[in-house]
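Structure assessment
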Amino acid sequence: MEQTAILIVEDNPLNLKLVKAVLELEGYQIWTATQAKEAFSVLEQLIPALILMDIQLPGVSGLDIIQQLRKDSRYRDIRIIAITAYAMKGDREKMLLAGCDGYISKPIDVVSFPDTIASFLSQKKCSGESLSPT
Ligand code: MN
């Protein structure tokens, strides 16, 4: 069976290693990038089912990358989940406006993380549980 491809964009090596390990255990094919240029170069090679996008990146921010991706018809249907350490009032709106399908707060809960990802993947382009009104 073909593996579902996920691209992780994350500049923190420890977070990247953790998220990659957890998702590889779940059987996903993982691609990684630590900044915008690398992310775009991976996306020239494949269209993943889902992108986990760290928002705070050196140089071009995760939100800027997402906005650029959504302007390109090739990338319009990829589910994009923002990963952010801050989720203050207004951030959710900002992320949705940029074209995210949902977001996950850091630190990542490795126990519930696989289910969260599976649920985002099973949904047809709509918001996930982390976007439910609070
Ligand atoms: Mn970061």
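Structure shown above.
Residues numbered from 1 in each chain as written. Predicted model: local features only at pLDDT ≥ 70, side-chain atom pairs only at ≥ 80, totals over all residues. Heavy atoms only, no water.

Digging into the nonpolar core
Inside soluble globular proteins, nonpolar side chains tend to come together where they are buried. Short version of the rule: Residue types Ala, Val, Leu, Ile, Met, Phe, Trp, Tyr and Cys, when buried and joined through side-chain atoms within 4.5 Å, form a set referred to as a nonpolar core. Residue exposure (1.4 Å probe, protein chains only): buried if accessible area is under 20% of the type maximum, exposed if over 50%, otherwise partly exposed. In DSSP terms, a helix is any run of H or I states spanning at least four residues, a strand is any run of E spanning at least two, and both are numbered starting from the N terminus. Residue contacts are defined here by distance: any two heavy atoms, one from each residue, within 4.5 Å place the two residues in contact.
By size, the foremost hydrophobic cluster in this structure holds 25 residues, and its most contacted members are V9, I51, M53 and L69. Every element with two or more residues in this core is listed here: β1 (5-9), α2 (36-45), β3 (50-54), α3 (62-70), β4 (79-84) and α4 (91-98). Beyond its immediate sequence surroundings of up to four residues, V9 is in contact with A33, A39, I51, L52, M53, D54 and L57. If you look at the next biggest cluster of nonpolar residues, it comprises 18 residues, including V22, I81, I83 and L121.

Some points on the side chain of T84
With respect to the helices and strands, the residue T84 is situated in strand β4. Taking the relative accessible area as the measure of exposure, T84 reaches 1% and is therefore buried. Apart from residues lying up to four places away in sequence, T84 is in contact with I55, M95, Y103, I104, S105 and K106.

Some words on the sheet that holds β1
Inclusion rule: The pairing criterion is simple: DSSP has to find at least two bridges between the two strands. Note on definitions: angles span 0 to 180 degrees between N-to-C directions of axes, and those axes are lines fitted to C-alpha atoms, for helices only across the stretch in contact.
Strand order in the open sheet made by the five strands is β2-β1-β3-β4-β5, with parallel pairing throughout. Of all strands in the sheet, those with a lone pairing partner are β2 (29-33) and β5 (102-105), marking the two edges. On average, each strand axis in the sheet is tilted by 20 degrees relative to the strand beside it, whichever way the strands run. The pairing of β4 with β5 spans four bridges and is parallel. Along β5, the bridge assignment pairs I83 with I104. Each of β3 and β4 is contacted by α3, which is oriented at about 150 degrees to β3, the strand it contacts most.

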